[in-house]
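Structural characterization, general
Read off the chains here:
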Amino acid sequence: AVNQALRFLFLPIVLRTLAPAELGVFDSSRMLLLIAAPLVALGMESAVAILINERGGREQMARWMSTGLAAVCISAVFFGILGILFNRWLYQILLGGAGDIRVLWLVIVLTVLTPIAEYCRNLLKWQFRRAAYVVLLLGEALLTLGIGIILVSVLHLGVFGWVLAVLVASVAHLLGAVWANR
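Conventions adopted
Residues numbered from 1 in each chain as written. Predicted model: local features only at pLDDT ≥ 70, side-chain atom pairs only at ≥ 80, totals over all residues. Heavy atoms only, no water. Helix = DSSP H or I, 4+ residues; strand = E, 2+ residues; numbered from the N terminus. Rg over C-alpha atoms; globule rule 2.2 N^0.38 Å. Contact = heavy atoms within 4.5 Å. Areas by Shrake-Rupley, 256 points an atom, 1.4 Å probe, with all protein chains shown as cover. Lys, Arg positive; Asp, Glu negative; His and termini not counted. Charge placed at Lys NZ, Arg CZ, Asp CG, Glu CD. 1 Å grid on protein atoms, 1.4 Å probe; cavity = no way out; pocket = protein on both sides within 12 Å on 5 of 7 lines; lining within 4 Å. Points joined across faces, edges and corners; volume = space filled by probe spheres on them. Salt bridge = Lys/Arg side-chain N within 4 Å of Asp/Glu carboxyl O. Axes fitted to C-alpha atoms, helices over the stretch in contact; angles between N-to-C directions. Parallel < 35°, antiparallel > 145°, perpendicular 65-115°, else oblique. Nonpolar A, V, L, I, M, F, W, Y, C, P; charged D, E, K, R; others polar. Core = buried A, V, L, I, M, F, W, Y, C linked by side-chain atoms within 4.5 Å. Buried < 20%, exposed > 50% of the residue type's maximum accessible area, 1.4 Å probe, protein only. Expected span 1.5 Å × (residues − 1). Phe/Tyr/Trp six-rings, centres within 6.5 Å; stacked < 30°, edge-to-face > 60°. pLDDT = per-residue confidence, 0-100.

**Notes on the overall build of the protein**
- Within the protein one finds 8 helices and 0 strands.
- Over its C-alpha atoms the protein spans a radius of gyration of 17 Å, differing by no more than 12% from the 16 Å that the globule rule assigns to 182 residues.
- Its C-alpha atoms give the protein principal-axis dimensions of roughly 55 × 35 × 20 Å.
- For the protein, restricting intrachain contacts to residue pairs at least 6 apart in sequence, the fraction spanning at least 24 positions comes to 70%.
- Put simply, the protein shows about 9900 Å² of open surface, and 71% of that area lies on carbon and sulfur atoms.
- In the protein, 13 positive and 8 negative side-chain charges are present, and the distance between their average locations comes to 6 Å.

Below you can see the structure in the form of structure tokens.
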């Protein structure tokens, strides 16, 4: 809920910093990511969470978690390859063939990284380490906001800056989740 509230507060900043055409590209990019991320994850998060809660044993739990992570990683790489192979088609649909193609490449990278980062973060939730889970959620939102404001307002990078800010925050989120799960 807190993460959603931060995203809601983030909206006026995005609206003020992007031109109408850029806003459409930003929204299309976000929608592609929202549609692709669950497909990449394959429902693995739910399956592993159910297995962890139904059956005990630390060794078996670690095996399920690592198997789930491997499945999400393989799926993410597969979707990344699809994005690379069909980049011209995605460019036409997502950006109308007339935007900054770097935005599309960032969205493809985000499509690969986001499900992996969310899976690693959710491992903390399943292990009842909710404080670390909440810190990662809040940190990602605040980092996106801070970097986005710098890239868009100061460096005038437009939609590329916002998507780059999301990517940088996602990488930091993934590294934080991996560190917290060590």
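**Quick look at the layout of surface pockets**
- Size it by volume and the second largest pocket reaches roughly 260 Å³.
- The wall of the second largest pocket is formed by 13 residues, among which Leu32, Ala36, Phe79, Gly83 and Leu90 lie closest to the centre.
- At the level of elements, α2 (20–41), α4 (58–85), α5 (87–95) and α6 (101–126) are the ones that each hand at least two residues to the lining of the second largest pocket.
- With 4 residues, the top contributor of residues to the lining of the second largest pocket is α2.

**What to know about the pattern of salt bridges**
- Taken as a whole, this structure holds 1 salt bridge when the rule is applied.
- The partner of arginine 102 in a salt bridge is aspartate 100, and the shortest N-O contact between them spans 2.7 Å.

**Things to note about the packing of helix α3 (residues 44–54) against α4**
- The geometry of α3 relative to α4 is characterised by a closest axis approach of 10 Å and an angle of 175° between their N-to-C directions. Judged by the angle between their axes, α3 and α4 are roughly antiparallel. Of the residues in α4, those touching α3 at Met44, Val48, Leu51 and Ile52 are Met61, Trp64, Met65, Gly68, Ala71 and Val72.
- Tallied by class, residues from the contact of α3 with α4 come to 9 nonpolar, 1 polar and no charged.

**A short note on the nonpolar core**
- With 47 residues, the main nonpolar core has Phe26, Met65, Val103, Tyr119, Trp126 and Val163 as its most contacted residues.
- Those elements giving two or more residues to this core turn out to be α1 (2–17), α2, α3, α4, α5, α6, α7 (130–154) and α8 (158–180).
- It is α6 that provides the largest number of residues to this core, a total of 15 residues.
- Not counting the four nearest positions on each side in its chain, methionine 65 is found in contact with Val48, Ile52, Tyr119, Leu123, Trp126 and Gln127.

**Remarks on α2**
- Counted at 1.5 Å a residue, the expected span for α2 with its 22 residues is 32 Å, and the 32 Å between its end C-alpha atoms agrees.
- Buried within α2 we find Val25, Phe26, Ser29, Leu33, Ala36, Ala37, Val40 and Ala41.
- Leucine 42 sits one or two positions beyond α2 and adopts a positive phi of about 60°.

**Considerations on the packing of aromatic side chains**
- If you walk through the whole model with that rule in mind, you get 1 aromatic pair.
- Ring centres of phenylalanine 78 and phenylalanine 79 lie 5.8 Å apart, and the angle between their planes is 90°; this geometry places the pair in the edge-to-face category.

**Describing unusual backbone geometry**
- For histidine 156, which is not a glycine, the phi torsion comes out positive at approximately 55°.
- Mapped onto the secondary structure, histidine 156 falls in the loop between α7 and α8.

**Notes on the confidence of the model for the protein**
- For the protein, the mean per-residue pLDDT works out to 83, and 95% of the residues sit at or above 70.
- Confidence scores differ between elements of the protein, with α1 showing the lowest mean pLDDT of 70 and α8 the highest of 90.

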